[in-house]
Amino acid sequence: MTVTPTAEEITCLAELLYEAARVRFGEERAEVLRPTIQQGAEYLAVVSSFRVVPEDEVCLRAPLPDPARAVSVEAEPGTRR
Amino acid sequence: VKTPSRAKSVLDAASRRHVELHELTVTEAASRIRAREISPEELLEALLARIDAVEPRVQAWAYLDRDGARTSAGIAAEEASRGIFRGPLHGVPIGLKDIIYAAGIPTEANSRVLEGFVPSYDATIVTRLEAAGAVILGKLVTAEFAASNVGPKTRNPWNLDHTPGGSSSGSAAAVAAAMVPGAFGSQTGGSILRPAAYCGIVGFKGTYGRISLHGVIPAAWTQDHLGPMTRSVADAALLFQTVAGHDPRDPRSATQPVPDCVGALARRRPPRIGVARAYFFDRADREVVEATERAVGRLASAGADVREVPMPSTIDTAQALIWTILNSEAASYHREHLATRAERYHPSLRARLEVGSVIPAECYLQALRIRLRLRQDVEAALAGLDAIATPTTPTAAPRTLDLTGDPVFQNMWTLAGVPTVTLPCGQGSSNLPLGLQLIGPAFGEAPLLSTAAWCEDVIGRPGIARVGPSTGP
């Protein structure tokens, strides 16, 4: 199990996020997002570098509802004043 | 002079009537209404007077429904006069975090994005509260969309220069300042327990899926929990019991039967408690560590079996998991608003949502896989224990109104979906309360609340916040 990502992994993810943000929101906005992108890349690198092997994925002993099955069906805007 | 027994009982009754009504807990208020010692209208007017006195300084309310509450209290009073009691909360005012829909009451989630929005239907939790006789007093301030760490307008009633925490800021502050006996908040990371601890009250969240989220604006729908915020464990048990249970309108809703949490409080016994000093004490400041050690020492002296428990290494990933899951899911929910009115969000939340919208699917799915592993590890850590005990927060409420504090001691348990409760365990510097967090196994709400009630008996309760003047920034 690895939870300490390398600087290279963080940089790679930051570039990936920046490029996606540039395409989606434009270069000017992507520049504004740089600090958030950098912070996000550090978190995503932790997630990416954590090894989950298939044999770890046994069922939970407690029958929690599986959140992966959940869909967003909450409040939709109703009436407005 | 010996007081005749009849006169004494009249004096006792008069004395009880002169107890400040706004200071009654949910359980006390419900009991006195049922005994017809007080009326729902008297109680409501006492709370409104308290709100008039302290709300200008605390600023806990997003929308106070004076007229609606007076109408509901009037109906409850009339029913009570005929011996009709709808349920265990008959005539008791309750506040709601401003992400919970109540038909006809503005729900703006502290965001200009939802300015002027009035839902046309009730959240399931509101339906259940009203069926139990509760009077909905209004909506309590939240951090923007319960997803931002930017501080809203609310102040900590114990010290107005400090944050009350968030995102259930108004719920915590209003209950601590005795403006309402009980309220509901929500937790996706640490948004019930952290503000509850900062404000010196009890905050509880059940297992993921226990309380319906139908009619609740999501922060991250695979992480969101609703839960009660009160001034006693008994109140938390009563409010949880009233609203928990399967709801076919919420596909996340758990189908397991809800245990008798109120009845379980009568079966208090010294618990087996695991303390994770190595992990949590290393990350907490000195006064928090000392207060936690004092509380744990008192529990051990009173008969609790206290032992050290190691934490699984997966909890080191909790911050990264929360960031990834919350921002991915929030970006999905806010997609339309972001496309049409992005400039109406606070800049920091907007930036997080925008970056959340470009998180690779592989990272999100990997986070969900690690979360499953974390859940297994937490269940294993709880084996043979009634609860794990930790400080609720690394510090007392920070001296700032710009941010809501650090949820680092809640994130791992919220990810695991297990029930958690905080109760006050002492007072730190600057007159600020500190909390003790207890964590139990999934669907073990009844034994966890029983353990919490036993701990509360040993540690005691701090009373209400007196709400002094601000000393300035």
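Above this text you will find the structure in question.
These figures come from a predicted structure and were not determined experimentally.

Draft legend 1. Fine view of the environment of Ile-464 of chain B. Residue and element names in this part refer to chain B. Summarising the element assignment, Ile-464 is placed in the segment after helix H17 (445–459). As a C-alpha pair, Ile-464 and Pro-88 span 376 residues in sequence and 23 Å in three-dimensional space. Here Ile-464 is in contact with His-22, Glu-23, Arg-50, Trp-158, Ala-176, Ala-178 and Arg-231, once residues within four sequence places are set aside.

Draft legend 2. Fine view of unusual backbone geometry. Residues and elements named next belong to chain B. Here the bond from Gly-166 into Ser-167 is cis, since omega is 5°, no more than 30 degrees from zero. As for its position among the elements, Ser-167 is in the loop between strand S3 (135–140) and helix H6 (169–176). The phi angle at Phe-443 is positive, at roughly 65°, despite the residue not being glycine. Among the secondary structure elements, Phe-443 is positioned in the loop between strand S11 (433–439) and H17.

Draft legend 3. The sheet that holds S11 of chain B, seen in detail. Residues and elements named next belong to chain B. Strand order across the open sheet formed by 11 strands is S1-S3-S2-S4-S6-S5-S10-S11-S9-S7-S8, with mixed pairing between neighbours. Each end of this open sheet is capped by a strand with a single partner; those strands are strand S1 (61–64) and strand S8 (305–308). Each strand of the sheet is rotated relative to its neighbour by a mean of 30°, with strand direction disregarded. One ladder, built from 3 bridges, connects S1 with S3; its direction is antiparallel. Looking across to S3, one finds that Leu-64 is bridged to Gly-138. Packing against the sheet, H6 makes contact with S1, strand S2 (93–97), S3, strand S4 (182–187) and strand S6 (225–230), and its axis sits at approximately 155° to S4.

Reading the values: the criteria
- Residues numbered from 1 in each chain as written.
- Chains lettered and ligands numbered in written order.
- Predicted model: local features only at pLDDT ≥ 70, side-chain atom pairs only at ≥ 80, totals over all residues.
- Heavy atoms only, no water.
- Helix = DSSP H or I, 4+ residues; strand = E, 2+ residues; numbered from the N terminus.
- Contact = heavy atoms within 4.5 Å.
- Pairing = 2+ DSSP bridges.
- Axes fitted to C-alpha atoms, helices over the stretch in contact; angles between N-to-C directions.

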